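Working through the structure, step by step
For reference, the chains in residue letters:
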Amino acid sequence: MTHKMIPVASPLAQYRAVSAAIQSALSRVLENGYYVLGPEVETFEREFAYYIGAAHCLGVGSGTDALVIALKACGVQPGDEVITVSMTAVATVAAIEIAGAVPVFVDIDPLTRCMNPALIEAQITGRTRAIIPVHLYGQPASMYEICAISKKHGLAVIEDCAQAHGAMIGDRRVGTFGDIAAFSFYPTKNLGAIGDGGAVVTSSSEIAEKCRLLRQYGWKERYVSEIPGMNTRLDELQAAILRVKLARLDDDNAARRAIAAAYTDAINSLMMCPPSSVPGTIPVMHLYVVECLHERSFIVKKLAESGIATAVHYPQPVHLQPAYLGRCRGGESLPVTEGITGRILSLPMYPELIQQQIDRICAALRF
């Protein structure tokens, strides 16, 4: 029997689930005559800040821009060093370099697959200005430990929350632990636009004001630049779409966790290892990433034969990619990062998966 392939992610399925509400929102924007940084953006910024539990949210053009704005707002200057991880989307590292700073890598914790706090202090120098922990795959990083180190050394903490909208440590959402947080609204994210978009979130009025200036040419008064800035604005159409999806984000995240639990129960432990359950955290399962205990290509082939697509997030850590090879400090000693990339495999994960699809995936995981 030939099955229709189940994709790893499906923004189209999410659109179809809320298409009537999105069409209504788009019509509202098209009719009101405001298309950039208007009432939809302002309302979304208030709603998202409230959801995260922060005082301020500023919409920008992408998650990468959000990181660049955050770095500059925290005073990171060209030549400064920023500590982060190589086990991340390249956007994290690209943003550091766009801001003129130097990426410095530390290895990951094999349990969380996020930054290992125990390794940070060994990489701090007189040029270090900030730390960017990444909440990878929707799993929160160890923020209490990271923030304690940053406070000890006077460093800014910029949370990369691109994959972790709504994730929690205890009763606090990620994005509220550091000085500022950067979010992406790329279409496949837990909270995804239909196009690009991003935001910075902070509870510092001073940092928020710097972000406001930076995102639009440094303007306080229109056409008069107080500081050098850039053009990175969330548009009204995307903000209206995000408002529709934000209203169902917690339900969607709960559906992702339920699907993840079904996968974990079904996995053949001789073939693969499920993601760890980290005490004290509530992940949002942006991706469900197993570690293959058998040859990965064999597992990919077997799942494909059952009509199940897979992906690798990410096939090479940043420090081993051609653009960065041998160029970033810390890349010479990342054994956990380098070991895991040959084993990881992402399974289909999105809240619109129907029970029949989930059952088929679970059956295939028992091979």
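That block above? That's the structure.
Below: a short report on this structure. Since we're looking at a predicted model, the values are computed, not measured. (Residues numbered from 1 in each chain as written. Predicted model: local features only at pLDDT ≥ 70, side-chain atom pairs only at ≥ 80, totals over all residues. Heavy atoms only, no water.)

What about the sheet that holds strand E14 (residues 288-292)?
Adjacent strands of a sheet pair through backbone hydrogen bonds, lying either parallel or antiparallel. Spatial ordering of the open sheet is given by E12-E14-E15, a layout of 3 strands whose pairing is antiparallel. The strands lining the two open edges of the sheet, one partner per strand, are strand E12 (272-273) and strand E15 (344-347). Where E12 meets E14, 2 bridges bridge the pair, whose relative direction is antiparallel. The partner of Met 272 across the bridge, within E14, is Cys 292. Relative to E15, helix H10 (residues 296-305) is tilted by about 15 degrees, and along the sheet it contacts E12, E14 and E15. (Pairing = 2+ DSSP bridges. Helix = DSSP H or I, 4+ residues; strand = E, 2+ residues; numbered from the N terminus. Contact = heavy atoms within 4.5 Å. Axes fitted to C-alpha atoms, helices over the stretch in contact; angles between N-to-C directions.)

Things to note about the pairing of strand E3 (residues 102-106)
Most of E3 is tucked away, with 4 of its 5 residues classed as buried. Pairing between strand E2 (residues 81-85) and E3: 5 bridges, direction parallel. Residue Thr 84 lies in a different strand from E3, and its bridge partner there is Phe 105. In this view, the connection linking E2 to its parallel neighbour E3 by way of helix H5 (residues 90-98) has right-handed handedness. (Buried < 20%, exposed > 50% of the residue type's maximum accessible area, 1.4 Å probe, protein only. Right-handed = clockwise from strand over helix to strand, strands pointing away.)

Quick look at the pairing of strand E8 (residues 180-184)
Burial of E8 is extensive: 5 of the 5 residues sit out of reach of the surface. Neither face of E8 is exposed, since Ile 180, Ala 182 and Ser 184 on one face and Ala 181 and Phe 183 on the opposite face are all buried. The pairing of E8 with strand E9 (residues 198-202) spans 4 bridges and is classified as antiparallel. In the sheet register, Ser 184 faces E9, and the bridge partner there is Gly 198.

Some words on the environment of Thr 281
Checked against the element boundaries, Thr 281 lands in strand E13 (residues 281-282). Of the residues examined, Thr 281 reaches a relative accessible area of 17% and is grouped as buried. A C-alpha to C-alpha distance of 10.0 Å links Thr 281 and Val 174, two positions 107 residues apart in sequence. Apart from the residues within four sequence positions on either side, Thr 281 is in contact with Gln 139, Pro 140, Met 168 and Ile 169.

Observations regarding the nonpolar core
Generally speaking, soluble globular proteins have nonpolar side chains that are buried together. Membership of the largest hydrophobic core comes to 53 residues, with the highest contact counts inside it found for Phe 44, Phe 48 and Phe 185. At the level of secondary structure, the elements contributing two or more residues to this core comprise helix H3 (39-52), E2, E3, helix H6 (143-153), E8, E9 and helix H8 (236-246). For this core, the leading source of residues is H3, giving 6 residues. Sequence-distant contacts of Phe 44, that is, excluding residues within four places in its chain, are made with Phe 185, Leu 191, Leu 234, Ala 239, Leu 242, Arg 243 and Leu 246. By size, the runner-up hydrophobic cluster in this structure holds 27 residues, among which are Leu 71, Val 76, Ala 99 and Met 230. (Core = buried A, V, L, I, M, F, W, Y, C linked by side-chain atoms within 4.5 Å.)

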